[in-house]
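Here are the chains, one letter per residue:
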Amino acid sequence: MKNILCVRWGNKYDGYVEKLRLQLQKHCTVDYKFYCLTDKPKFSYDIQLPVAWDHHYNSKRNAFWAYRKCYMFNEDLFPELKYGKEFLYLDLDVLIHNSIDSLFQLDTVHPWIVRGWWNDMETCKKNYGKLISTPINSSIIRWNRGQLKPIYDHIETNTDYIFFTYPTIDNYFNHYWYDMHNEENSKQLFRGLEKGITYSWFKGNIFPEDMDLHEVRNDHMLCLFNNCTEDTYQDMYEIIESWNI
Amino acid sequence: MEHINYCPNLADNWSKTISSVSKLQPWAVERVGHSMNKSQLEGKMWLGTELYNIHPAGFKNAVIMGGWYCQFLAEILINNNNVNFMCNYDICEDAKAISYKFNKRFKASGQYLASTKNIFTMKLNEKQTEIGSVDLVVNTSCEHMFNMQRIREKHFLESDPLYVLQSTDEDRFDDHINCVNSTDELIEQAKLTNIEFAGEKTLANGMKRFMVIGR
């Protein structure tokens, strides 16, 4: 049994959980259980999100700090997740083009995370200390039970420092759990998914050769609708409806 | 102090660094340029002057927080302020590599070490602890990071080093995440109680810098 998880809080993604569940029914044939960690449990697949870190949250400073994703890295917090050792997390704003079964066939010496191949690594290096331009993206994470517990423990131990310092979860992961300067480093926790698996609707595919924006790439497994700010938020399903495909 | 000593060894290290960065790390060229501008030198010479006025005898073992390429600071602390050993903690791998080029002469003499450890959450570099107690902590970019109180509590409750801290009230940059409006605020951020110097200075770039020295 595998566990496929998503996380939802607030009202921004109303209806997205069910649509993700339906996408998985179509594109995942392995034996799995689907769960949504949420602040407002309502459906059979919902699991109550903890609130332990809420009081560290500052809406101005932490507007895009998706710390709630990190609770699931301590699977023991959730009795519902006591079965199975394989986990896959998907953001709600991902579109599945093709079967995701192969994500469960990856070697799991290290957990996997999206490598944003659309990033210019020179820009990432230039901006490393500025906490912007990270080459990894937490929209999709694949791990085995316990592998990401060090992240949970690290946040638990350094909550005030981490909430104060990092504007996004990806910045935090990039500084502590991924070696952007040596991506083959076997000591880093995460490995980045290979080219050709994911692309970004708003940012492109592979820098510099395939950077067309707002382009459907049906040969990929997943499309991310990762975007930067609330000001530029666009509803993923409204975009998809406009494709006429 | 009114200048740094542009001696042949320094000239050799710095000119080779700039040549190397241009060829091998072109994305860092602009930032290296910024690190060497008039305001950067003003701020570091101000530090060197006031620290010397208070403690001319020098220091054995210094921690530098977020020292970036550290070309001015290493030259000033080692040759003006009689610092025997310093470790520059900067999380950026590029900064570490470039700082070693700028400070090749000090690395060779065993006086300069660079580390990418984030000592807000990690231990000090082993080589630094082998040398003995830290007696000086310098952070000229407090606006870029969490309160220095954390560093005191995590590493230095027993050794009680001297702190030299600089920050600014310029908050229009996204990476200025912890600005202050006064020296009192900077003192409070670090929970310093024994203040030996507190002052402010407007640098050539128009930015106001605050500096406090104390324990």
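Rules and cut-offs
- Residues numbered from 1 in each chain as written.
- Chains lettered and ligands numbered in written order.
- Predicted model: local features only at pLDDT ≥ 70, side-chain atom pairs only at ≥ 80, totals over all residues.
- Helix = DSSP H or I, 4+ residues; strand = E, 2+ residues; numbered from the N terminus.
- Rg over C-alpha atoms; globule rule 2.2 N^0.38 Å.
- Buried ≥ 20, exposed ≤ 12 C-beta atoms within 10 Å, placed from the backbone.
- Contact = placed C-beta atoms within 7 Å.
- Axes fitted to C-alpha atoms, helices over the stretch in contact; angles between N-to-C directions.
- Nonpolar A, V, L, I, M, F, W, Y, C, P; charged D, E, K, R; others polar.
- pLDDT = per-residue confidence, 0-100.
- Pairing = 2+ DSSP bridges.

K.L.:
Before we go on, may I ask you to explain the overall build of chain B in this structure?
P.N.:
The secondary structure content of chain B amounts to nine helices and seven strands. Its C-alpha radius of gyration of 16 Å places chain B within 12% of the 17 Å reference for a compact globule of 215 residues. Along the first, second and third principal axes, the C-alpha atoms of chain B reach 45 × 40 × 35 Å. A buried classification covers 43% of the 215 residues belonging to chain B. Considering only intrachain contacts with a sequence separation of at least 6, the fraction spanning at least 24 residues in chain B is 73%.

K.L.:
Got a minute to help me understand the packing of helix H1 (residues 8-24) of chain B against helix H5 (residues 93-102) of chain B in this structure?
P.N.:
Each pair of packed helices can be summarised by the angle the axes make with each other and by the distance between the axes. Residue and element names in this part refer to chain B. Running from N to C, H1 and H5 cross one another at 145 degrees; their axes reach a closest spacing of 8 Å. Seen from H1, the contacting residues are Asn13, Trp14, Lys16, Thr17, Ser20 and Val21; seen from H5, they are Ile98, Lys101 and Phe102. Of the residues that constitute the contact of H1 with H5, the class distribution is four nonpolar, three polar and two charged.

K.L.:
Looking at this structure, how should I read the interface of chain A and chain B?
P.N.:
Accessible area lost upon the coming together of the parts serves often as the stated size of an interface. Chain A puts 13 residues into the contact, and the matching count from chain B is 15 residues. Elements with a contribution of two residues or more to the side of chain A that touches chain B: helix H2 (121-126) and helix H4 (159-165) of chain A. Classifying every residue of the side of chain A that touches chain B by side-chain character gives four nonpolar, five polar and four charged.

K.L.:
Help me understand the confidence of the model for chain B in this model?
P.N.:
Detailed conclusions should not be drawn from predicted coordinates in areas where pLDDT is low. In the predicted model, chain B carries a mean pLDDT of 97, and 100% of its residues have values of at least 70. Here the predicted complex scores 0.94 on pTM and 0.92 on ipTM.

K.L.:
Explanation requested: the sheet that holds strand S6 (residues 112-115) of chain A in the structure shown.
P.N.:
Each strand in a sheet pairs with another by means of backbone hydrogen bonds, the pair being arranged parallel or else antiparallel. All names here are of chain A. Spatial ordering of the open sheet is given by S3-S2-S1-S4-S7-S6-S8, a layout of seven strands whose pairing is mixed. Taken across any chain shown, the strands that pair with only one partner, and hence form the sheet edges, are strand S3 (46-48) and strand S8 (191-192). Both strand S1 (residues 2-8) and strand S2 (residues 32-38) contribute to a ladder of seven bridges, which runs parallel. Looking at the pairing, Ile4 lines up with Phe34 of S2.

K.L.:
When you look at the sheet that holds strand S2 (residues 86-89) of chain B in this model, what are you seeing that I'm missing?
P.N.:
Residues and elements named next belong to chain B. Across the sheet, which stays open at both edges, the seven strands sit in the order S3-S2-S1-S4-S5-S7-S6 with mixed pairing between neighbours. With partners counted over all chains shown, the strands left at the sheet margins are strand S3 (112-115) and strand S6 (195-202), one partner each. Between one strand axis and the next, the sheet turns by 15 degrees as a mean value, whatever way the strands run. Looking at chain direction, strand S5 (residues 162-168) and strand S7 (residues 208-214) are connected through six bridges and run antiparallel. In the strand pairing of S7, Thr168 is matched with Arg209.

K.L.:
Got a minute to help me understand unusual backbone geometry in this structure?
P.N.:
Excluding glycine, residues mostly have negative phi values, and the peptide bonds linking residues are mostly trans. Looking along the chain, the bond that leaves A:Phe207 and enters A:Pro208 is cis, with omega of -5 degrees. Checked against the element boundaries, A:Pro208 lands in the loop between strand S9 (198-200) and strand S10 (222-224). A positive phi angle is found at B:Cys70, which is not glycine, with a value near 60 degrees. Mapped onto the elements, B:Cys70 comes out in the loop between strand S1 (62-65) and helix H4 (71-79). The backbone of B:Asn82 shows a phi angle near 55 degrees, a positive value even though the residue is not glycine. You can call B:Asn82 partly exposed: it has 15 C-beta atoms within 10 Å.

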